[in-house]
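# Descriptive structure summary
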Amino acid sequence: MPNHISLVDFTVKDPQTAREFYTGVFDLELKMEMPDYPLFSSAGGPDIGLIKDGADKGGPADGVNTIGSPTTVFTVDDIDATLAKVNSLGGKTVVTKTEIAPEIGHYAYFTDPDGNFIGITQKP
C-alpha cells in the first residue's frame with residue numbers, strides 16, 4: 001500500500017465537548033473509543049482523533065500533541081525504514097517505534113527539518 005495520510009489528531013480540552021462539535025459540524029462516525037481519545041471515520045479522508053490535552057503526559061509521545069497544532073499521521077509500510085529516511089534527510093526521530101496494541105500496530109513521531117511534528121503508523 002502506498003504511503004498516505006491516515007489520521008489527523010486534534011488536541012482538545014474536553015473530548016466530549018469536542019466530539020459534539022466535530023460530529024455536529026462534519027457528521028463524523030465513531031470508529032473506536034479509547035480513554036481520552038475518541039477516533040472518528042471521515043468519508044473518503046483520514047481518520048480524525050480527538051486527544052485530550054495532557055493525555056500523553058509521561059508517555060512516549062509526551063509533548064507532541066498540543067492545542068493549536070494538529071498532528072498529521074501517515075501510514076507507512078515500514079516505520080524503521082521511514083525513520084531512517086527522515087534522519088538522513090535532516091529530520092529527527094522524537095518517538096521511536098512503539099506498539100499501540102498487537103491488533104492495531106505501531107506508531108512513531110518525528111520532526112521535519114523545520115520542527116513540525118509528524119506521526120507515522122504501521123499496521124500489523
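Our subject is the structure that appears above.
Here goes a summary of the coordinates provided. All residue numbers refer to positions counted from 1 along the written sequence of the respective chain. Totals for whole chains, interfaces and linings use all residues, but because this is a predicted model, local features are given only for residues with pLDDT of at least 70 and pairs of side-chain atoms are given and counted only at 80 or more. Just so you know, side-chain values use all the structure's heavy atoms and leave hydrogens and water out.

### Looking at the overall build of the protein
Rules: Runs of H or I in DSSP of at least four residues are treated as helices and runs of E of at least two as strands, each being numbered from the N terminus. Buried means the residue's accessible area, taken with a 1.4 Å probe over protein chains only, is under 20% of the maximum for its type, while exposed means over 50%, and partly exposed covers the values in between. Working rule for contacts: check all heavy atoms of both residues, and any pair within 4.5 Å makes them a contact. Here the accessible surface of atoms and residues is derived via Shrake-Rupley with a 1.4 Å probe, and residues count as covered only by protein chains that are part of the display. The sign given to each residue is positive for Lys and Arg and negative for Asp and Glu; His and the chain ends receive no count. For this purpose, a charge sits on NZ of Lys, CZ of Arg, CG of Asp or CD of Glu.
Per the secondary structure count, the protein includes two helices and eight strands. Starting at the N terminus and ending at the C terminus, the protein contains elements arranged as β-α-β-β-β-β-α-β-β-β. Projected onto its principal axes, the C-alpha positions of the protein cover 40 × 30 × 25 Å. Buried positions account for 37% of the 124 residues belonging to the protein. The contacts of the protein with a sequence gap of at least 6 include a subset with a gap of at least 24, amounting to 50%. Put simply, the protein shows about 7,200 Å² of open surface, and 55% of that area lies on carbon and sulfur atoms. Of the charged side chains in the protein, 9 are positive and 18 negative; the average position of the first set lies 3 Å away from that of the second.

### Considerations on the packing of aromatic side chains
Put simply, the test is: Any two of the Phe, Tyr and Trp rings considered here, Trp counted by its six-membered ring, make a pair once their centres fall within 6.5 Å; the pair's planes then place it as stacked at under 30 degrees, edge-to-face at over 60, or tilted in between.
Under the counting rule described, the total for this entry stands at three aromatic pairs. Geometrically, the ring pair formed by F21 and Y22 is edge-to-face, given 5.0 Å between the ring centres and 85° between the ring planes. Pairing Y107 with Y109 gives two aromatic rings, centres 5.7 Å apart and planes at 70°, and the pair type is edge-to-face. By the burial criterion, Y107 is buried, and Y109 matches it.

### Brief notes about a nonpolar patch on the surface
Convention followed: Residues qualify for a patch when their relative accessible area is over 30% and they have no salt bridge, like charges being joined within 9 Å and the nonpolar side chains of Val, Leu, Ile, Met, Phe, Trp and Tyr within 5 Å. Definition used for salt bridges: Asp or Glu carboxyl oxygen within 4 Å of a side-chain nitrogen of Lys or Arg.
Among the surface-exposed residues, F21, V25 and F26 lie close enough to one another that they form a single nonpolar patch of about 320 Å² accessible area. In this structure, V25 sits in helix 1 (residues 15-26).

### Digging into the pattern of salt bridges
A full pass over the atoms with the stated rule returns three salt bridges. Note that R19 is salt-bridged to E33, the shortest N-O span being 2.1 Å. You can see R19 sitting in helix 1 and its partner E33 sitting in strand 2 (residues 29-34), a full 14 residues away along the chain. Here D80 and K97 are joined by a salt bridge, their closest N and O atoms 3.7 Å apart. Of this pair, D80 sits in helix 2 (residues 79-88) while K97 sits in strand 6 (residues 92-101), placing them 17 residues apart in sequence.

### A few points about helix 2
How we decide: In this context, the arc is that of the directions from the helix axis out to the C-beta atoms.
Considered for burial, the residues of helix 2 that qualify are I79, T82, L83 and V86. Angular distribution of buried residues about the axis of helix 2 spans 100°; they occupy a single face of the element. Projecting away from the buried face of helix 2 at angles above 90 degrees are the exposed residues K85 and S88. Packing partners of the buried residues in helix 2 comprise strand 6, strand 7 (105-111) and strand 8 (117-122). Immediately downstream of helix 2, the backbone of G90 shows phi near 100°, a positive value.

### Concerning the side chain of T82
Its place among the elements puts T82 in helix 2. For T82, the residues in contact, after removing those within four places along its chain, are V76 and I120.

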